[in-house]
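# Structure at a glance
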Amino acid sequence: MITTKDLTKVYRSRGREITALDGVDLHVREGEVYGVLGRSGAGKSTLIRCVNLLERPTAGTVIVDGRELTALAGRGPRAGGELRRARTRIGMVFQHFNLLSSRTVQDNVELPLEILGLSGRERARKALDLLDLVGLADKARVHPAQLSGGQKQRVGIARALAGDPKVLLSDEATSALDPETTRSVLQLLRDLNRQLGLTILLITHEMDVVKAVCDSAALMRGGRITEAGTVPELLATPGSELARELFPVGGQASGDDRTVVDITFHGETATQPVISRLARTYTIDIAVLGAAMDTVAGRQVGRMRIELPGPFEENVVPIGYLREQGLGIEVVQAPGAPGAEGTDGRDAAPALTQGGGR
Ligand SMILES: Nc1ncnc2c1ncn2[C@@H]1O[C@H](COP(=O)(O)OP(=O)(O)OP(=O)(O)O)[C@@H](O)[C@H]1O
């Protein structure tokens, strides 16, 4: 539904060049909720603004629902009109809602319908239907100042849906909201995704947002996508930074001569008594250093950090056994392993979640 190829954006300001996007290839499938994560300055906002061409990319292509928007943007005097029409199929929700304070809630939702040229009666009917959909049918006549943050964002979402978009772009839609309101707005986005088959591309700096609603996620750093995939794929990828952030397990080894392994259980493997079988089969003592169960993207997932006695070479076979069971295995401390320097993962990667708000 959304594809970018080699998308590049270079800002020029005061004689300096800043490469905000450095060859981004993004693939968002129809009907999925796709989260882009990254620290402040990674290029997330630039990416989302380039997807609907609010920002003109320096190079590369953007294709949304089969239309190459980057080609529309560059073709003569009529191109602007074509691009505007294509954009009506792309809704956008903003962190600070961007509602007009002088207009009522209903008039805010009607605004894009006026631009589309609908009659007064059609506009009113559509706006009231949309307000009903987001649970605000009784607030049509009030002004935004009389609404809570969560209600304002619901109006923002209703307005974004006015052009019957197939794609919704969300730029930190919940980062100005408290946790409870965040949950209800995320639930609304999830419901709209399911009911309307809406494809949602959202940017966020909060892992909890990804956990709650995303089918797929990508991590950005320095204008590039460094990891991407469905959430289950990421969780099953050894060394995935996103998986570690999504689902951290702690626990320190009890000595330098121990092998420490992180195991990810999902799907059927979550219910198998793997650890007791491992201990029995190889007659080894296994210490559990940390463990957690959680629901990620609607699926039950478990993670466990275990310690095996002895250096890596003594544990090659048990680790092979764990891999054969279809578990996600990441060796985080492996004394004696070839190239063992740097395999000590006890220093967890720094959190993504610092200073992401704007
Ligand atoms: N209009 C602009 N002019 C010049 N530089 C810009 C402009 N917009 C963004 N940048 C720069 O591009 C880089 C990426 O910024 P962007 O806002 O896309 O990051 P971000 O990941 O969304 O960060 P945040 O989470 O803080 O919003 C940063 O170095 C930023 O300073």
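Within an unreviewed UniProt entry, the label attached to the chain reads ATP-binding cassette domain-containing protein, and the organism entered is Streptomyces zingiberis.

A few words now on the overall build of the chain. Along its length, the chain carries twelve helices and 14 strands. Projected onto its principal axes, the C-alpha positions of the chain cover 75 × 50 × 35 Å. The buried share of the chain, reckoned over its 358 residues, is 38%.

Another aspect to go through is the domain arrangement of the chain. Domain assignment breaks the chain into domain 1 (2–235) and domain 2 (248–333). Here the C-alpha centre of domain 2 lies 39 Å away from the C-alpha centre of domain 1. Listed by partner, the interface residues are six residues for domain 1 and seven residues for domain 2. With three residues, helix 9 (residues 231–235) is the single largest residue contributor to the side of domain 1 that touches domain 2.

If you look at the biggest cluster of nonpolar residues, it comprises 86 residues, and the most contacted ones within it are Val51 and Leu201. The residue makeup of this core includes at least three contributed by each of domain 1 (2–235) and domain 2 (248–333). Once you skip the residues sitting within four places of it in the chain, leucine 201 turns out to touch Ile2, Val28, Tyr34, Ile48, Val51, Val167 and Leu169.

Taken in spatial order, the six strands line up as 6-7-8-3-9-10 in an open sheet, and their pairing is mixed. The open sheet has two free edges, formed respectively by strand 6 (90–94) and strand 10 (224–230), since each of these has just one partner strand. Between one strand and the next, the sheet's axes are offset by a mean angle of 15°, whatever the strand orientation. With respect to the sheet, helix 6 (residues 149–160) is in contact with strand 6 and strand 7 (167–171), its orientation differing from that of strand 6 by roughly 165°.

What follows deals with the site of the ligand. For the ligand, the set of nearby residues contains 15 residues, the closest of which are Tyr11, Ala20, Ser40, Ser45 and Thr46. Listing elements by their share of the shell around the ligand, those giving two or more residues are strand 1 (2–13), strand 2 (16–28) and helix 1 (44–51). The biggest single contributor to the shell around the ligand is helix 1, with three residues. Here the shell around the ligand is built from residues that sort into four nonpolar, nine polar and two charged.

When pLDDT is averaged across the chain, the result is 87; 91% of the residues are at 70 or more. Here helix 3 (residues 79–87) is the element of the chain with the lowest mean pLDDT, 78, and strand 2 is the one with the highest, 97. Here residues 341–358 is a poorly scored stretch, pLDDT under 50, and it has 33 contacts once near neighbours within four places are set aside; other chains count. Here the complex is predicted with pTM 0.84, and the ipTM for its interfaces comes to 0.97.

What follows is about the sheet that holds strand 14 (residues 328–333). The sheet built from four strands is open, its strands ordered 12-13-11-14 with antiparallel pairing. In the strand order of this sheet, the two ends are held by strand 12 (287–296) and strand 14, each with one partner. Neighbour to neighbour, the strand axes of the sheet diverge by 15° on average, direction disregarded.

With that settled, the discussion passes to the pairing of strand 4 (residues 59–64). Pairing of strand 1 with strand 4, which is carried by five bridges, proceeds in the antiparallel orientation. Bridge assignment links isoleucine 2 to a residue of strand 4, and that residue is valine 64. Bridge count between strand 4 and strand 5 (residues 67–68): two bridges; the pairing is antiparallel. If you follow valine 64 over to strand 5, its bridge partner there is arginine 67. In sequence, strand 4 turns back onto strand 5 through a hairpin of two residues, with aspartate 65 there showing a positive phi of about 50°.

Contact pair helix 6 / helix 7 (residues 179–196): the axes reach a minimum separation of 10 Å and the direction vectors enclose 20°. Comparing their axes, helix 7 and helix 6 come out roughly parallel. The two elements helix 6 and helix 7 meet at a crossing, and its hand is right-handed. Together, Gly149, Gly150, Gln153, Arg154 and Ile157 of helix 6 and Thr181, Ser184, Val185 and Leu188 of helix 7 make up the contact between the two elements.

Despite not being glycine, aspartate 6 shows a phi value in the positive range, around 50°. Locating aspartate 6 in the fold gives a position in strand 1. Residue threonine 283 is not a glycine yet carries a positive backbone phi of 40°. Tracing the backbone through its elements, the reader meets threonine 283 in the loop between helix 11 (274–282) and strand 12.

Okay, the pairing of strand 10 next. In terms of strand pairing, strand 9 (residues 216–221) meets strand 10 through six bridges, oriented antiparallel. Along strand 10, the bridge assignment pairs alanine 218 with alanine 228. Taking the residues between adjacent antiparallel strands as the criterion, strand 9 and strand 10 are bridged by two residues, where glycine 222 takes a positive phi near 55°.

The rules behind each value
- Residues numbered from 1 in each chain as written.
- Predicted model: local features only at pLDDT ≥ 70, side-chain atom pairs only at ≥ 80, totals over all residues.
- Helix = DSSP H or I, 4+ residues; strand = E, 2+ residues; numbered from the N terminus.
- Buried ≥ 20, exposed ≤ 12 C-beta atoms within 10 Å, placed from the backbone.
- Domains from an automatic or database assignment.
- Contact = placed C-beta atoms within 7 Å.
- Core = buried A, V, L, I, M, F, W, Y, C linked by C-beta atoms within 7 Å.
- Pairing = 2+ DSSP bridges.
- Axes fitted to C-alpha atoms, helices over the stretch in contact; angles between N-to-C directions.
- Near = placed C-beta within 6 Å.
- Nonpolar A, V, L, I, M, F, W, Y, C, P; charged D, E, K, R; others polar.
- pLDDT = per-residue confidence, 0-100.
- Parallel < 35°, antiparallel > 145°, perpendicular 65-115°, else oblique.
- Left-handed = near helix turned anticlockwise from the far one by under 90°.

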